Amino acid sequence: MEKLKHLALIMDGNGRWAEKRSLPRSAGHLEGGKAALRIIRGCIKHGIPYLTLYCFSIENWQRPREEVDYLMGLFSSRVKAEIPEAVKSGIRILHLGRREGLPKDVLKTLEEAEEKTKHCSTLTLQLAINYSGTDEIIRALTKAQKSGENELTEDSLLRFVDNPDVPLPDLIARSSGEKRLSGFLMLQSSYAELAFYDTLWPDWDESMIELILTDFNSRQRRFGGI
């Protein structure tokens with residue numbers, strides 16, 4: 001049985017979770033952050049060595065300024081606060097996405113997290129912030145061109161993505177019932193299994209990891225073969 005090594009999650013439904021409870025959207029994002037911590041712990045418990053969380057897309061800058069400012073503040077404060085625990089738990093933190101355009105405090109926090117956790121090896125956690133799959137491909141092509149790479153293949157292009165040492169995702173899952181990838185890991189997702197769950201992101205806990213593992217173990221991955 002193939003082991004699930006890299007789980008990638010589209011965290012969706014924070015706003016709807018809050019609206020169902022007549023709460024501000026910020027309350028949903030706050031609870032969504034707590035759900036992310038539960039999922040990280042669940043991945044460690046179940047031996048999943050790579051986890052990617054889709055936190056904020058380039059398109060999300062179109063949201064109301066108040067919500068964007070709250071999210072950026074939440075990213076900065078929560079990541080900074082969790083660095084000591086990440087080091088203790090062996091979590092290597094990587095940023096995935098365009099660094100240009102991020103607020104200085106968010107970028108500084110992400111760089112600090114990457115530096116202080118670079119030796120960790122229990123779980124590699126990619127935080128996709130200011131991310132778009134199309135943008136990552138364009139930036140990878142630009143890097144390849146500058147490096148003098150003349151004859152690109154899929155494998156050689158993957159050497160120029162943001163974190164080339166991270167293996168391709170085995171399964172990409174999305175919360176809240178929406179059934180689309182929203183530009184997530186467009187180059188890396190060619191043969192990823194896909195799963196969509198109705199549970200809103202703030203309600204996710206370790207039981208969702210168990211459900212995902214059961215789902216993944218029921219799949220037959222052929223990669224174009226028989």
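Residues numbered from 1 in each chain as written. Predicted model: local features only at pLDDT ≥ 70, side-chain atom pairs only at ≥ 80, totals over all residues. Heavy atoms only, no water.

S.K.: Looking at this structure, I do not really get the packing of aromatic side chains. What am I missing?
M.R.: What describes a pair of aromatic rings is the distance from one ring centre to the other and the angle between the planes of the rings. Enumeration over the complete set of coordinates arrives at 7 aromatic pairs. For the pair Phe 56 and Trp 61, a centre-to-centre distance of 4.9 Å together with 75° between the ring planes defines the contact as edge-to-face. Given the relative accessible area of 0%, Phe 56 is considered buried. Overall, the relative accessible area of 32% leaves Trp 61 in the partly exposed class. Three or more aromatic residues link up through ring pairs in this structure, and these residues are Tyr 54, Tyr 131 and Phe 184. (Phe/Tyr/Trp six-rings, centres within 6.5 Å; stacked < 30°, edge-to-face > 60°. Buried < 20%, exposed > 50% of the residue type's maximum accessible area, 1.4 Å probe, protein only.)

S.K.: I would appreciate a short explanation of the pairing of strand E3 (residues 91-96) in the present structure.
M.R.: Looking down a regular strand, the side chains alternate between one sheet face and the other. Extensive coverage of E3 is indicated by the burial of 6 of its 6 residues. Going residue by residue along E3, you find Ile 91, Ile 93 and His 95 tucked away on one face and Arg 92, Leu 94 and Leu 96 tucked away on the opposite face as well. Two strands pair when backbone bridges link them, and E3 and strand E4 (residues 123-131) are joined in this way by 6 bridges, in the parallel orientation. Across the sheet, residue Leu 94 finds its bridge partner in E4, namely Gln 126. (Helix = DSSP H or I, 4+ residues; strand = E, 2+ residues; numbered from the N terminus. Pairing = 2+ DSSP bridges.)

S.K.: Looking at this structure, how should I read the pattern of salt bridges?
M.R.: A side chain with one charge may pair with a side chain of the opposite charge, provided their charged atoms come close. A complete count under the given rule lists 25 salt bridges for this structure. When the shortest N-O distance is used, the salt bridge between Arg 174 and Asp 12 registers 3.2 Å. Linking Arg 174 in strand E5 (residues 171-174) with Asp 12 in the loop between strand E1 (6-10) and helix H1 (14-20), this pair joins segments that are 162 residues apart in sequence. In terms of burial, Arg 174 and Asp 12 fall into one category: buried. Across the pair Glu 115 and Lys 118 runs a salt bridge, and its minimum N-O distance is 2.8 Å. You can call Glu 115 partly exposed: its relative accessible area is 47%. The network of salt bridges with shared partners includes Arg 98, Glu 100, Asp 135, Arg 139, Lys 143 and Asp 162. (Salt bridge = Lys/Arg side-chain N within 4 Å of Asp/Glu carboxyl O.)

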